[in-house]
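Summary of the model geometry
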Amino acid sequence: MIKISPMKEEHIPRIHEIEKSCFSISWSKEAFENELKENSLAYYIVAESEDAVLGYAGMWIIVDEGHITNIAVHPDFQHQGVGTLLMQHLIDEAKRKHFFGLTLEVRESNIKAQNLYRKFGFVSEGLRKGYYQDTGENAIIMWKYFK
Ligand SMILES: CC(C)(COP(=O)(O)OP(=O)(O)OC[C@H]1O[C@@H](n2cnc3c(N)ncnc32)[C@H](O)[C@@H]1OP(=O)(O)O)[C@@H](O)C(=O)NCCC(=O)NCCS
């Protein structure tokens, strides 16, 4: 049974492990701490089994828009529906708060994530050229609209 709950400071060491295993440019533990302690716009959740945190996701709530900052599932637990649960929770929260839409950026090469986003009705709305510093890759800007 997988449970979605608010991210807490005690989750951060495991979140950071997942972050490093998923991203070539990863957030530091301090970055997550700042999000939880200092950023009043931040909304972060974790997906937990009885034993461990399997994944996490978050967004910044900017007026009536949600800017998804990250979503990741530990490689050992990918493609088992955890990403879907996390995204469904963000969408439910967005609907509950009557958002205009949700937006995010994704690497052009990240087909797995794009598939997840398209499954939930996100569409491509533009490109940020050379957005990723490590490879110079473009970011696709995606939106899901509720209105
Ligand atoms: C993207 C990510 C969060 C998806 O999480 P997940 O738990 O694997 O996703 P789910 O099992 O719920 O699958 C949801 C959909 O994602 C897509 N997907 C997942 N794994 C995939 C794979 N190996 N190949 C292609 N599409 C895949 C599919 O559309 C899938 O829907 P389906 O099962 O109906 O085909 C996960 O792969 C991940 O953490 N990747 C590394 C971090 C990352 O890239 N984050 C996004 C940054 S923009």
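A brief structural summary.

Reading guide: rules and limits
Residues numbered from 1 in each chain as written. Predicted model: local features only at pLDDT ≥ 70, side-chain atom pairs only at ≥ 80, totals over all residues. Heavy atoms only, no water. Near = heavy atom within 4 Å. Polar contact = N/O pair within 3.5 Å; in protein donor to acceptor, adjacent residues only side chain to side chain. Helix = DSSP H or I, 4+ residues; strand = E, 2+ residues; numbered from the N terminus. Nonpolar A, V, L, I, M, F, W, Y, C, P; charged D, E, K, R; others polar. Axes fitted to C-alpha atoms, helices over the stretch in contact; angles between N-to-C directions. Parallel < 35°, antiparallel > 145°, perpendicular 65-115°, else oblique. Left-handed = near helix turned anticlockwise from the far one by under 90°. Contact = heavy atoms within 4.5 Å. Buried < 20%, exposed > 50% of the residue type's maximum accessible area, 1.4 Å probe, protein only. Arc of directions from axis to C-beta. Expected span 1.5 Å × (residues − 1).

**As for the site of the ligand**
In the neighbourhood of the ligand, 21 residues make up the surrounding shell, with Val 73, His 79, Gly 83, Thr 84 and Asn 110 lying closest. Between Asn 110 and the ligand, the recorded distance is 2.7 Å, taken from a side-chain N or O atom to an oxygen atom. In terms of residues, the shell around the ligand owes the most to one element, helix α4 (residues 111–119), which gives six residues. The class makeup of the residues in the shell around the ligand is ten nonpolar, eight polar and three charged.

**A short note on the packing of helix α1 (residues 12–22) against helix α2 (residues 29–38)**
It is the contact of α1 with α2, at a shortest axis distance of 9 Å, that shows an interaxial angle of 125 degrees. As judged from the angle between their axes, α1 and α2 are oblique. The handedness of the crossing between α1 and α2 comes out as right-handed. Across from Ile 12, Pro 13, Ile 15, His 16 and Glu 19 in α1, the residues of α2 making contact are Lys 29, Phe 32, Glu 33 and Leu 36.

**A look at α1**
Three or more residues of α1 are buried, namely Ile 12, Ile 15, His 16, Ile 18 and Glu 19. For α1, the arc enclosing every buried residue in end-on projection is 160 degrees, short of the 170-degree limit, so these residues lie on one face. Looking at the buried residues of α1, the elements they touch are α2, β2 (42–48), β3 (53–62) and β4 (65–73).

**Some details on helix α3 (residues 82–96)**
The first and last C-alpha atoms of α3 sit 21 Å apart over 15 residues, in line with the 21 Å expected at 1.5 Å per residue. If you check which residues of α3 are buried, you get Val 82, Gly 83, Leu 86, Met 87, Leu 90, Ile 91, Glu 93 and Ala 94.

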